[in-house]
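# Structural description and commentary
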Amino acid sequence: MDKQSFHALAEEHMDMVYRVAYNSLVSPHDADDVTQEVFLRLLRSKTEFESGEHVKHWLLRVTINECRRLTRSPWRRHTVPLDSFEGTLQLETPEQSDLFRQVMALPKKYRVPLYLFYYEELSTEEIARIINRSPSTVRTQLYRARQQLKDTLEEEWSNE
Amino acid sequence: MNDKKLYQETFSHLRASPDTRSKIMNMTIENKRTPRRAVRTALIAAILTVALVTTAFAALSGRTLQDWFAGKWNEETGKDLTAEQIRVMNALTQKVDQSITVNGVTVTADSLAVGYDCVWVLFRVEWDGYSPDYKYDLGLGGYVTPSSPGGGYSGEGDEWDDGSGTLYFLRKYATSALNRDMLSYTDGGYTLNVPACGLYRYKENDMLNKELVELGSWDFSIPLTEKSVSPVVELGDVQIEVAEKNYAVWDGAVQRFEPGTYSLQDVIVTCSSVSYYYDEMFCKKDDASGVSSWLPDAVAILSDGTEIAGMTGGVWDFEESRYLMNSWWPLPMAVEEIVSIRIGETVIPVN
């Protein structure tokens, strides 16, 4: 991959990779590590990407795998308390702050599908392929995540 | 406010650090791995003993093995333990209470739970020099003797303090013994050996810069007795359909697999893992590192829909020319509550 293409892809997708890693690991340091690792793999990859969507899905898949690998590693670092990290995010409203806290309080397996659905606007079928789960499992995870958010934030969450 | 809009506005503030941005933009193909701590593979590829290093999950704590099981279960499922799970975990747990004191540092093997191919042990460390400003590491790699053929050991760890200066280390020792039951190779006399030779401390998020606190020899030899409280379910040979191209990882490499039917042989489900054999047809060429293998995680699905994912490892059986694959559960499971196993994308009913 030439330098120009790599830089363009890094600019476009770096924050997406970081956000997925953070949602999975809830550690800014680990998420930074995963982001670097994923882009190093992209740089070294010999995969011939067919489209922008292909490279995006490839990056998401590699990110998920890298997070799983890190989670299982006996070397995993400590997490940073949510309070201290949240202070660095410059969230603008109490609603944003509440939502961030409540999402991070969800079980780990709900956070990444939720991000891919609400932020990246992927379908449940696409999410299922990326996280290697069945579409019905993803739909259940999204349903339960929405229910928990609804219960804690007292606000209806749509499934669209 | 629209929920999607609120979500997107909130999470748009989450961005890679300037340092990461700079490192990525200045990356070259010759770059070595990012300068973080070494990440160990979860795979067992040969006979070896893996020295365990600590993992910390701030949410997990408590003073007993059962406390840790309950916390781990909640972390994995978001739920409380069922009565049946508690029964199995309590029945598998044995008190050890073996203490060794060196230079004022007392390490106690508190208790353990023996599964079919996995042992969970809780250690306690007490000494006067404890400081809450540091995290600690005691190594605590281990292995079972007499060892079964193929029986390499790998595992995971956890570490916490109880707020009054006592440290706790949880260690899980998992093996791919070719005869699958790690305590069936001889008629008995099994021992878990855990040699520890140094207590280290380090600052939060700086595990690579450890300082030695005490050098010593805390060598534990813990007798193991298997307690059969949960059945071994034999599922026989199972066909797995791979309907579409699938990605897998071997030491971080991403590969693509063609659609097809794969045959898993002699699948068994136990309180500590699901394991099966498969032949070398599973091996695929990876363009970066040569031959590698598909290692799907197995997931246990319980009657209430709860899912628990195993950690997969494997060992090559030279005599039979096949792999033995294990997906070890993070904690002991009541097999009676497992209604199906999902391997890759295939769901296999468990009767």
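The structure reproduced in this document is the subject of the present report. (Residues numbered from 1 in each chain as written. Chains lettered and ligands numbered in written order. Predicted model: local features only at pLDDT ≥ 70, side-chain atom pairs only at ≥ 80, totals over all residues. Heavy atoms only, no water.)

## So, the overall build of chain B
- What chain B contains, in helices and strands, is four helices and 22 strands.
- For chain B, restricting intrachain contacts to residue pairs at least 6 apart in sequence, the fraction spanning at least 24 positions comes to 66%.
- With an accessible surface of roughly 14300 Å², chain B has 49% of that area assigned to carbon and sulfur atoms. (Helix = DSSP H or I, 4+ residues; strand = E, 2+ residues; numbered from the N terminus. Contact = heavy atoms within 4.5 Å. Areas by Shrake-Rupley, 256 points an atom, 1.4 Å probe, with all protein chains shown as cover.)

## So, the overall build of chain A
- Scanning chain A from N- to C-terminus turns up eight helices and zero strands.
- Counting from the amino terminus, chain A carries its helices and strands in the arrangement α-α-α-α-α-α-α-α.
- Here chain A holds 160 residues, and the buried ones make up 61% of them.
- Pairs at least 24 apart in sequence give 62% of the contacts found in chain A among residues at least 6 apart.
- Approximately 6700 Å² of chain A is accessible, and the part contributed by carbon and sulfur atoms is 44%. (Buried < 20%, exposed > 50% of the residue type's maximum accessible area, 1.4 Å probe, protein only.)

## Re the environment of Cys271 of chain B
- Within the secondary structure, Cys271 of chain B sits in the loop between strand E13 (260-269) and strand E14 (273-279).
- Those residues in contact with Cys271 of chain B, other than ones at most four positions away along the chain, are Leu92, Gly115, Tyr116, Ser230, Trp329, Leu331, Pro332, Met333 and Val335 of chain B.

## Quick word on the sheet that holds strand E17 (residues 298-302) of chain B
All names here are of chain B.
- Read from one edge of the open sheet, four strands run E18-E17-E21-E22, paired in antiparallel fashion. One side of each edge strand has no neighbouring strand; the edge strands of this open sheet are strand E18 (307-309) and strand E22 (346-349). With direction set aside, neighbouring strand axes in the sheet form an average angle of 25 degrees. (Pairing = 2+ DSSP bridges. Axes fitted to C-alpha atoms, helices over the stretch in contact; angles between N-to-C directions.)

## Re unusual backbone geometry
- Of the consecutive residues Thr145 of chain B and Pro146 of chain B, the connecting peptide bond is found in the cis state with omega at -10 degrees.
- We note that Val26 of chain A has phi near 50 degrees; this positive angle belongs to a residue other than glycine.
- Tracing the sequence through the fold places Val26 of chain A in the loop between helix H1 (3-25) and helix H2 (28-44).
- Phi is positive for Asp97 of chain B, close to 50 degrees, though the residue is something other than glycine.
- When you line up the elements, Asp97 of chain B lands in strand E1 (residues 93-102).
- Given the relative accessible area of 46%, Asp97 of chain B is considered partly exposed.

## Details of the packing of helix H5 (residues 94-104) of chain A against helix H1 (residues 3-11) of chain B
- Direction vectors running N to C along H5 of chain A and H1 of chain B enclose 85 degrees, while the axes themselves pass 9 Å from each other. It follows from the interaxial angle that H5 of chain A and H1 of chain B lie roughly perpendicular. Counted together, Glu95, Gln96, Leu99, Phe100, Val103 and Met104 of chain A of H5 of chain A and Leu6, Tyr7, Glu9, Thr10 and Phe11 of chain B of H1 of chain B form the full contact between these two elements.
- Among the residues forming the contact of H5 of chain A with H1 of chain B, the class breakdown is seven nonpolar, two polar and two charged. (Parallel < 35°, antiparallel > 145°, perpendicular 65-115°, else oblique. Nonpolar A, V, L, I, M, F, W, Y, C, P; charged D, E, K, R; others polar.)

## Here's the deal with the packing of aromatic side chains
- Scanning the model with the defined rule gives 15 aromatic pairs over all chains in all.
- Taking the centre distance of 5.2 Å and the plane angle of 85 degrees together, the rings of Phe117 of chain A and Tyr118 of chain A count as edge-to-face.
- Accessibility expressed as a relative area gives 11% for Phe117 of chain A, which makes it buried.
- On the basis of relative accessibility, which here comes to 0%, the residue Tyr118 of chain A falls in the buried class.
- Ring centres of Trp68 of chain B and Phe69 of chain B lie 5.9 Å apart, and the angle between their planes is 65 degrees; this geometry places the pair in the edge-to-face category.
- Exposure remark for Trp68 of chain B: the relative accessible area of 4% places this residue in the buried category.
- Taken together, the ring pairs in this structure connect Tyr22, Phe100, Phe117 and Tyr118 of chain A together with Tyr7 and Phe11 of chain B into an aromatic cluster.
- Here the basic side chain of Lys210 of chain B rests over the ring of Tyr200 of chain B, its NZ or CZ set 6.0 Å away from the ring centre. (Phe/Tyr/Trp six-rings, centres within 6.5 Å; stacked < 30°, edge-to-face > 60°. Lys NZ or Arg CZ within 6 Å of the ring centre and 35° of its normal.)

## What about the pairing of strand E2 (residues 105-114) of chain B?
All names here are of chain B.
- Most of E2 sits inside the fold, with ten of its ten residues counted as buried.
- Judged from the eight bridges that link them, E1 and E2 form a sheet pairing that is antiparallel. In the sheet register, Gln94 faces E2, and the bridge partner there is Leu112.
- Connecting the antiparallel pair E1 and E2 is a turn made up of two residues, with Asn103 showing a positive phi of about 50 degrees.
- Pairing of E2 with strand E3 (residues 118-126) involves eight bridges; the strand directions are antiparallel. The residue bridging Ala113 from the neighbouring strand is Trp120, located in E3.

## A short note on the nonpolar core
- With 59 residues, the main nonpolar core has Phe39, Leu59, Leu114 and Leu116 of chain A together with Tyr7 of chain B as its most contacted residues.
- Broken down by element, the residue count for this core peaks at eleven residues, all from H1 of chain A.
- In this structure Phe39 of chain A touches Phe6, Leu9, Ala10, His13, Met14, Val17 and Leu59 of chain A together with Ile24 and Met27 of chain B, once residues within four positions along its chain are discounted.
- Ala113, Val335, Ile338 and Ile348 of chain B belong to the second-largest nonpolar core, a separate cluster that totals 45 residues. (Core = buried A, V, L, I, M, F, W, Y, C linked by side-chain atoms within 4.5 Å.)

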